[in-house]
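Chain and residue survey
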Amino acid sequence: MNIIQIFQKFPTQESCIKHLEQKRWGDKPICVYCDSTNTNSLVKELRHHCNGCRKSFSVTVGTIFHHTHIPLQKWFLLISLMQNAKKGLSACQAARDIEMNRPTVWRMMHRIRKAMGRDNNLLSGIIEMDETYVGGKPRKENKKDDDDENNTGNPRGRGTKKTAVVGMVERRGNVKAQSVSKNELNFIDFLKMIRKNINVAESLLVTDEYKAYNRMSKIVPHYRVNHTKEYVKGDIHTNTIESFWAILKRGIMGQFHWVSKKHLNAYIDEFCYRYNARNIDSSIVFGMTIDNMLKS
């Protein structure tokens, strides 16, 4: 759903409220405090009164929208802008687009990212797993200098000061990723991630030659590609997860420029959410996001 459709479908606060009520309750409002259906509508206040517990409530109570004083149309516009920005949307740009101040928009965006992070489905099939490093300053343009063993100012790989991110992706399917500490780049922690995110009974794991993957074949069928010799060997490759890393890094460097370690996982969730919804109609994705935001 794009911003033109948002303006057409939700022109007023009342139309936004009615949409949320339909999504949350259907045709009959339910008290958010006692679950009673014995309620009356307070039309002018856009609220409801419960005849059971004698409390009034709105559809936003107990949701991510709770206590917001911002028109819901602005929220809907921001959701649309975020879900349609493949490489992400900066708070500065979003603030200009919906005519609000940046700190408020930044907080709104993090509430939306919270809704985007709710995915408990397990991955299955051919799963590529890999780790990358995010943040810090870009490498020098001179690759020869960058690869020099004496260049200790901006080292590559696991020697870098950047934040480690581990990801898993289904071939032609969904992706999951999270930031981790350098101490968690080992077999035990990788095993925990696999058991949490992958259906090992219905999966085949593909990785590179990193030593933390050495014993994975005891848990799940496991193939490895040696990147010092080749990058693809039939169906054995990690090109899919590498493509996702490219989108993530271009977004963080090109749109956000810098992301703190504290909030990095929220941004990663946003990129995973968009990637997983890439083949779904934007109107359906908008509805999925609203559903997640209405969950307590």
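Rules of the game
Residues numbered from 1 in each chain as written. Predicted model: local features only at pLDDT ≥ 70, side-chain atom pairs only at ≥ 80, totals over all residues. Heavy atoms only, no water. Helix = DSSP H or I, 4+ residues; strand = E, 2+ residues; numbered from the N terminus. Buried < 20%, exposed > 50% of the residue type's maximum accessible area, 1.4 Å probe, protein only. Contact = heavy atoms within 4.5 Å. Lys, Arg positive; Asp, Glu negative; His and termini not counted. Charge placed at Lys NZ, Arg CZ, Asp CG, Glu CD. Pairing = 2+ DSSP bridges. Axes fitted to C-alpha atoms, helices over the stretch in contact; angles between N-to-C directions. Core = buried A, V, L, I, M, F, W, Y, C linked by side-chain atoms within 4.5 Å. Parallel < 35°, antiparallel > 145°, perpendicular 65-115°, else oblique. Left-handed = near helix turned anticlockwise from the far one by under 90°. Nonpolar A, V, L, I, M, F, W, Y, C, P; charged D, E, K, R; others polar. Disulfide = S-S within 2.5 Å. Polar contact = N/O pair within 3.5 Å; in protein donor to acceptor, adjacent residues only side chain to side chain.

This part takes up the overall build of the protein chain. Per the secondary structure count, the protein chain includes ten helices and ten strands. Each principal axis of the C-alpha distribution contributes one length, and for the protein chain these read about 70 × 45 × 30 Å. Taking all 296 residues of the protein chain together, the buried fraction comes to 46%. Taking contacts inside the protein chain between residues at least 6 apart in sequence as the whole, the part at least 24 apart equals 63%. Considering the protein chain, the positive charge centre built from 48 side chains and the negative charge centre built from 30 side chains are found 5 Å apart.

We now examine the sheet that holds strand E8 (residues 222-224). What the five strands build is an open sheet, ordered E6-E5-E4-E7-E8; its pairing is mixed. In this open sheet, the two strands that pair with only one neighbour each are strand E6 (175-180) and E8. Each strand of the sheet is rotated relative to its neighbour by a mean of 25 degrees, with strand direction disregarded. Here strand E5 (residues 163-170) pairs with E6 via six bridges, running antiparallel. Looking at the pairing, Val 169 lines up with Val 175 of E6. The strands that helix H7 (residues 187-197) touches are strand E4 (123-134), E5, E6 and strand E7 (198-207); relative to E7, the one it contacts most, it runs at about 130 degrees.

What follows is about the nonpolar core. Counting 43 residues, the largest nonpolar core has Phe 65, Trp 75, Phe 76 and Leu 78 as its most contacted members. Among the secondary structure elements, those contributing two or more residues to this core are helix H2 (13-25), helix H3 (72-83), helix H4 (91-98), helix H5 (102-116) and helix H10 (282-293). The element that contributes the greatest number of residues to this core is H3, accounting for eight residues. Those residues within four positions of Leu 78 in sequence are excluded, and the remaining contacts are Leu 89, Ala 94, Ile 98, Val 105, Met 108, Met 109 and Ile 112.

Following both chains from N to C, one finds H3 and H5 inclined at 65 degrees, their axes separated by 11 Å at the closest point. Our classification of the angle between H3 and H5 gives roughly perpendicular. Crossing of H3 against H5: the hand is right-handed. Every residue of H5 that contacts H3 at Lys 74, Trp 75, Leu 78, Ile 79 and Met 82 is listed here: Val 105, Met 108, Met 109, Arg 111, Ile 112, Arg 113 and Met 116. Looking at the contact of H3 with H5 residue by residue, the classes come out as nine nonpolar, no polar and three charged.

On to unusual backbone geometry. Trans is the common state for peptide bonds, and a negative phi is the common state for residues other than glycine. A positive phi is found at Arg 54, a non-glycine position, where the angle reads about 65 degrees. Mapped onto the fold, Arg 54 is located in the loop between strand E2 (47-50) and strand E3 (56-57). Here Arg 54 falls in the exposed class, since its relative accessible area comes to 64%. In this structure, Arg 172 takes a positive phi of about 55 degrees despite not being glycine. Tracing the sequence through the fold places Arg 172 in the loop between E5 and E6.

Our focus in this paragraph is the sheet that holds E2. Spatially, E1-E2-E3 is the arrangement adopted by the three strands of the open sheet, whose pairing is antiparallel. Each edge of the open sheet is held by one strand with a lone partner, namely strand E1 (39-42) and E3. For E2 and E3, the ladder comprises two bridges, and the chain directions are antiparallel. Following the sheet pairing, His 48 is matched in E3 by Phe 57.

Glancing now at the state of the cysteines. One pass over the full model with this rule turns up zero disulfides. In this structure Cys 34 is a free cysteine whose sulfur lies 3.5 Å from that of Cys 50, the closest cysteine sulfur available.

Note on placement: Ser 58 falls in the loop between E3 and H3. In this structure Ser 58 comes out as buried when scored by relative accessible area, which is 9%. At 2.9 Å, the side chain of Ser 58 forms a polar contact with the side chain of Thr 60.

By themselves, these observations are geometric and do not establish any function.
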